[in-house]
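# Analysis of the macromolecular model
For reference, the chains in residue letters:
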Amino acid sequence: MPRHLRSSHTALPLVAVIIFENQMQEGDSMAVEAIYSFLTYPKRSHAEEASMSGTEIPLDDGKLCKMLRDIFDNAGKDCNVPVMFTSDGDKQENAVRSELLALLETPGVATAAPLASRLQNATSGTSGMGLLFICMGQGADHTRVVISRFPADEGVVAEKSTSKLTVQFVEQVFLKSAFSYKAATYTSNGKPNQLWSGHVVDKQINHGSKAVADYWIVDFLRSEFSTTAAQGTKRLASALRAAIAATTTMEIKSEITSAAHLAGNLPKKAMTIADFCDSFHFSERTKQAILSKVNPARLVHEKFRFDAAEFSRHLAYKQVELDNGAVLTAPADKFEECFKETKRKDVHTFSTTGAVVDERLKKTK
Amino acid sequence: MTDEELLAEYRARHIGILQSLAERLTSHLQDMLKDIPRIDRVSARAKSPDRFLAKANKLQPDGGRKYEHPFDQIQDLVGARVIVFYKQDVEVVSEEIDRYFRRIESKELIPDSVNEFGYVGKHFILAFPEDLFDDGADRGKTPQFFELQVKTLFQHAWSEAEHDLAYKPSDPLTPLQCRQVAFTAAQAWGADQIFAQLHDELNGTSSH
């Protein structure tokens, strides 16, 4: 169920950062030590250096704190996309990581504000106004930070008193929308050279618009998926090749080969290997044949951006058509192995030998 | 942690984790780069316990330890090298590395002054790919990053010989020996320049 936060009608710009301390593995409970909140506006087109005004939310047993505690407690499960801060050049630096480390060093509204300001400056009109929360918790030897953003929407508030019903239109309603909810979680061990990686959830990373898809991870967090596009795509192609090689079942070979032909047209969108299998509606047998070739198995669910060119490098089929109507197809890297070719002027002769394992009529090539 | 405790802990990790990790990394890199021509060798190694201890005990100018948390701060517990024929190939390999790995550092190591000759190489600090870790791996004791060096044959040959001859802290080089080491670096640099030019001219890689 989406949960609602409603801002005060008279509130000045507000951004929230929540700090809990404890190491939070999935299912751990920990004490919340501080919560900060900021209201962020879309300022990408006219970024401002103006200082952010935020507030520390008092820790109590109210519904707001309970909701934020739930987000914090479930972050290990909800934030399931591994990301890494990016760093260019010869210094191991990332601005967001530096701001996170400063916040961990001295938790407070002032040290949380740069993150809120950064979010505001990364936010376009498409994403609109939002309410930012940052939560931190400390365990025996780890500190966890959870950053979440709730988009603004419009809504209606209905209040019933003993004598009448009051209905009111409100503009600044903040939704933990299943379609636009964003969060990121980082675990710090307090040692040097750490906090390079984290986990995020962003329900819009498959959005058609690059600006929307990149907003949370690339533009705000200055991060990327831990798995590069080439690495993830190669892993997928290798699993498909291994599945084809390991099976004698024509149905499995045929499904994978057909998908491989079509995959060259896929856009560069975020996916997992499991997502790829689902998008081509593989039979359960084919899906299991592919997933069983992913080693280690957890990488079946690792997110990466599909790269069609990289895919073709590892799972391409070479097809030669002759003017007599013959069409020869084989895996690109085995074409010369499958077909012996001789040439006299413009006339090519191909020969191959093998047992027939499948024969069919197709309407198209 | 005393030196003995540090060494014992490192030895345990060296045998139990780092050596096999280096082997896996070697295979991973070799597979990744197998279609790129003119690669002389790809290798990875786990830092030896003695070298680890020596590095962990390095001091800063003020006398304080350089590494308070050596297991976390020393980023070449596993180091890899890709040795290529020509300077142009360094760029080709570097682009491929960028496509397959997340990096937190990339730098060209060159002498400080244009009038000096010495160590040259391209260094990366890269995150280990997840493919190298089994589901049950103890991630608390495995490094997150490794160092990768990409060098030409001449850069590699010079740095190996220089490392063997010039790193004698108890016996510093004489001025003449320093000039001789710099001279060999200049020779290696010159050889790379000429081979790069010949590669352009004879193998047709020039853009002109």
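Owing to the predicted nature of the structure, the values given are computational and were not obtained by experimental measurement.

Turning next to the pairing of strand β8 (residues 165-175) of chain A. Residue and element names in this part refer to chain A. The buried fraction of β8 amounts to one of the 11 residues, a small share that puts the element mostly on the outside. For strand β7 (residues 143-160) and β8, the ladder comprises eight bridges, and the chain directions are antiparallel. From the neighbouring strand, G155 faces β8, where its bridge partner is V170. A loop of four residues connects β7 with β8, the two strands running antiparallel in sequence.

Along helix α1 (residues 63-78) of chain A, the helix axis deviates most sharply at A:F72, where the bend reaches about 30°. Of the positions making up α1(A), those classed as buried are A:L68, A:R69, A:I71, A:F72, A:D73 and A:A75.

Mean pLDDT over chain B works out to 93, with 97% of the residues at or above the 70 mark. Model confidence for the complex is summarised by a pTM of 0.85, with the ipTM given as 0.90.

Looking now at helix α8 (residues 284-291) of chain A. Residue and element names in this part refer to chain A. All buried positions along α8 are accounted for by T286, K287, A289 and I290. End-on view of α8: buried residues confined to an arc of 160°, all on one side of the axis. Considering only its buried residues, α8 is in contact with α5 (229-246), α6 (250-263) and α7 (273-279).

Bringing the nonpolar core into the picture now. Counting residues in each nonpolar core, the largest one holds 91 residues, and the members touching the most others are A:I134, A:C135, A:A183 and B:V78. Each of domain 1 (4-220) and domain 2 (229-314) of chain A accounts for three or more of the residues forming this core. Excluding its chain neighbours within four sequence positions, the residues that come into contact with A:A183 are A:I71, A:A75, A:D78, A:C79, A:V146, A:I147, A:S148, A:V200 and A:V201. Residues A:A243, A:I244, A:M271 and A:A289 belong to the second largest nonpolar core, which totals 24 residues.

Residues and elements named next belong to chain B. Read from one edge of the open sheet, five strands run β1-β2-β5-β4-β3, paired in mixed fashion. Each having just a single partner strand, β1 (39-46) and β3 (103-109) make up the two edges of the open sheet. Direction aside, neighbouring strands of the sheet carry axes that sit 15° apart on average. In terms of strand pairing, strand β4 (residues 121-127) meets strand β5 (residues 145-152) through six bridges, oriented antiparallel. Bridge pairing in β5 places L126 opposite F146.

A word on unusual backbone geometry. Residues and elements named next belong to chain A. The step from N295 to P296 runs through a cis peptide bond, and the omega angle for that step is 0°. With respect to the helices and strands, P296 occurs in the loop between α8 and β13 (304-305). Positive phi, close to 50°, is recorded for K345, a residue that is not glycine.

The next subject is the confidence of the model for chain A. All names here are of chain A. Summary statistics for chain A give a mean pLDDT of 84 and a share of 89% for residues scoring 70 or more. Taken element by element, chain A is modelled with least confidence in strand β2 (residues 15-20), mean pLDDT 37, and with most confidence in α8, mean pLDDT 97. Low confidence marks residues 1-27, where pLDDT is under 50. Its contacts with residues over four positions away, or in another chain, come to 109 contacts.

What counts and what doesn't
- Residues numbered from 1 in each chain as written.
- Chains lettered and ligands numbered in written order.
- Predicted model: local features only at pLDDT ≥ 70, side-chain atom pairs only at ≥ 80, totals over all residues.
- Buried ≥ 20, exposed ≤ 12 C-beta atoms within 10 Å, placed from the backbone.
- Helix = DSSP H or I, 4+ residues; strand = E, 2+ residues; numbered from the N terminus.
- Pairing = 2+ DSSP bridges.
- Bend = angle between axes of the 7 residues up to and from the residue.
- pLDDT = per-residue confidence, 0-100.
- Arc of directions from axis to C-beta.
- Contact = placed C-beta atoms within 7 Å.
- Core = buried A, V, L, I, M, F, W, Y, C linked by C-beta atoms within 7 Å.
- Domains from an automatic or database assignment.
- Axes fitted to C-alpha atoms, helices over the stretch in contact; angles between N-to-C directions.

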